[in-house]
Amino acid sequence: MKALILVGGFGTRLRPLTLSVPKPLVDFANKPMILHQIEALKAAGVDEVVLAINYQPEVMMNFLVDFEKKLGMKITCSQETEPMGTAGPLALARDKLDDGSGEAFFVLNSDVISEYPLKEMIDFHRNHGGEATIMVTKVDEPSKYGVVVMDEKTGTVQRFVEKPQQFVGNKINAGIYLLSPKTLDRIELRPTSIEKEIFPKIAAEKQLFAMVLPGFWMDIGQPRDYNTGLRLYLDSLKQKMPKLLASGPSYIGNVIVDESAQIGEGCLIGPDVSIGQGCVIEAGVRLSRCTIMRGVRVKKHACISGSIIGWHSTIGQWARIENMTVLGEDVHVRDEIFSNGGVVLPHKEIKTSILKPEIVM
């Protein structure tokens with residue numbers, strides 16, 4: 001089986017982290033975002049993954065060569081010379097996706113984190129016998145999204161309504177699709193939207209079916225949603241693989257800590273914290289609702305909440321970092337500094353407090 005992951009462009013919403021690596025390689029719960037998807041695809045029986053990408057393909061491929069070997073999968077890039085939307089990349093990668101076997105293939109949006117029930121999706125797709133299956137997820141505020149109106153019993157998609165002002169349903173496209181090769185015949189080699197141009201045509205022929213995603217779902221393409229996604233992901237781990245979470249007197253709620261990280265005495269960590277490889281958390285530190293990426297040092301008695309600390313950064317003693325502060329790679333915060341929502345570009349030293357949310361160049 002094959003899969004295409006829509007990697008796309010520059011990841012501007014996750015800057016300053018994406019100034020150091022392409023967005024799919026930004027760590028989420030201690031492994032690159034895209035690896036969560038590739039591992040789920042492998043578990044569902046996919047043996048070849050194509051990345052549709054228009055930005056830094058060399059960086060992506062150098063990184064993924066190791067994982068090709070570890071996972072025993074073929075991973076290739078399909079490079080766009082111009083942004084091709086969400087359907088154009090399928091036409092571009094047609095030769096890689098359609099080998100003549102008639103086997104359906106997955107398409108995933110690289111920003112989405114969920115429990116990836118891909119095996120169930122394959123069964124659902126085979127049972128309904130239609131051309132395409134999309135995963136949908138229930139949301140509380142459907143008016144912010146494009147809503148999928150479907151027959152609850154059969155899963156047949158009836159129509160799509162963009163940002164409805166009156167309630168028509170609460171299910172939205174979750175960015176995970178299973179398509180038969182004949183869908184490729186509908187797509188021209190030009191910038192095209194699969195959601196707006198291709199799916200409505202398939203739905204009009206009663207060949208598009210929707211499966212409701214069990215468990216959590218989040219688009220983690222921007223910092224606030226990234227933090228929410230981490231909370232949902234750790235909740236899910238607690239139910240499915242609680243052994244992966246840290247336990248002991250220093251931890252409250254769900255916390256994931258790389259085994260190479262060092263945690264000092266008298267720390268209080270949690271809830272919803274991820275601590276990466278080689279991190280050093282000194283004595284008396286307080287961490288909550290935050291991601292501490294690989295190689296970070298947090299000095300004594302610092303307090304970090306609701307923030308993302310980029311790779312190899314340093315947080316000084318008694319510093320206080322909060323309110324969706326995002327530090328890029330290799331940022332050094334002096335002792336006793338306060339950051340209230342600062343967004344700091346890579347390779348900076350912060351010598352004065354950031355009192356209101358602002359970008360520090």
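Since the model is a prediction, treat every value here as computed from it, not as a measurement.

Analysis parameters
Residues numbered from 1 in each chain as written. Predicted model: local features only at pLDDT ≥ 70, side-chain atom pairs only at ≥ 80, totals over all residues. Heavy atoms only, no water. Helix = DSSP H or I, 4+ residues; strand = E, 2+ residues; numbered from the N terminus. Rg over C-alpha atoms; globule rule 2.2 N^0.38 Å. Contact = heavy atoms within 4.5 Å. Areas by Shrake-Rupley, 256 points an atom, 1.4 Å probe, with all protein chains shown as cover. Core = buried A, V, L, I, M, F, W, Y, C linked by side-chain atoms within 4.5 Å. Buried < 20%, exposed > 50% of the residue type's maximum accessible area, 1.4 Å probe, protein only. Disulfide = S-S within 2.5 Å. Pairing = 2+ DSSP bridges.

Novice: How would you sum up the overall build of the protein? Please name residues and give values.
Specialist: For the protein, the helix and strand inventory stands at 7 helices and 31 strands. Taking 2.2 N^0.38 as the reference for a compact globule, 361 residues should give roughly 21 Å; the C-alpha atoms of the protein span a radius of gyration of 22 Å, in line with that estimate. Along the three orthogonal principal directions, the C-alpha set of the protein runs to about 65 × 45 × 40 Å. Long-range contacts, defined as pairs at least 24 residues apart, comprise 48% of the intrachain contacts of the protein with a sequence gap of at least 6. Total accessible area on the protein is roughly 16100 Å²; 49% of this is exposed by carbon and sulfur atoms.

Novice: Break down the nonpolar core for me, citing the residues and quoting the values.
Specialist: Soluble globular proteins tend to bury their nonpolar side chains together. Grouped together as the largest cluster of nonpolar side chains are 64 residues, with contacts concentrated most on I5, F28, I34, L41, L51 and F106. Contact partners of I5, with chain neighbours within four places excluded, come to I34, Q37, I38, L41, V49, V50, L51, A52, L108 and S110. Core analysis: the second largest hydrophobic core is formed by 29 residues, A261, I275, A302 and L327 among them.

Novice: Pulling in residues and values, what's your account of the state of the cysteines?
Specialist: Between two cysteines, a covalent bond joining their sulfur atoms is known as a disulfide. Tallying each qualifying case throughout the model produces 0 disulfides. Of all cysteine sulfurs, the one in C303 lies closest to C290, which takes part in no disulfide; the gap is 8.9 Å.

Novice: Quick rundown of the sheet that holds strand β15 (residues 262–263)? Include the residues and the values.
Specialist: Reading across from one edge, β15-β18-β21-β24-β27-β30 is the order of the 6 strands in this open sheet, with parallel pairing throughout. Pairing within the sheet leaves two strands with one partner each, and these edge strands are β15 and β30 (349–350). The pairing of strand β24 (residues 314–315) with strand β27 (residues 332–333) spans 2 bridges and is classified as parallel. Bridged to I315 within β27 is V333.

Novice: So what's going on with unusual backbone geometry? Which residues, and what values?
Specialist: Apart from glycine, the bulk of residues carry a negative phi angle, and the bulk of peptide bonds sit in the trans form. Cis peptide bonds are those with omega within 30 degrees of zero, and the linkage from R15 to P16 qualifies with 10 degrees. In this structure, P16 sits in the loop between β1 (2–8) and β2 (27–28). Geometrically, the link from G270 to P271 is a cis peptide bond, its omega value of -5 degrees lying close to zero. Looking at where P271 falls in the secondary structure, it is placed in the loop between β16 (268–269) and β17 (273–275). The residue D272 is not glycine, and still its phi comes out positive at about 60 degrees. Of note in this structure, N323 is not a glycine but carries a positive phi near 55 degrees. Along the chain, N323 turns up in the loop between β25 (320–322) and β26 (326–327). Look at N323 and you get partly exposed, because its relative accessible area is 37%.

Novice: Just give me the short version of the sheet that holds β16, but keep the residues and values in it.
Specialist: Strand order in the open sheet formed by 5 strands is β16-β19-β22-β25-β28, and the pairing between neighbours is parallel. With partners counted over all chains shown, the strands left at the sheet margins are β16 and β28 (338–340), one partner each.

Distances and angles like these do not, on their own, reveal function.
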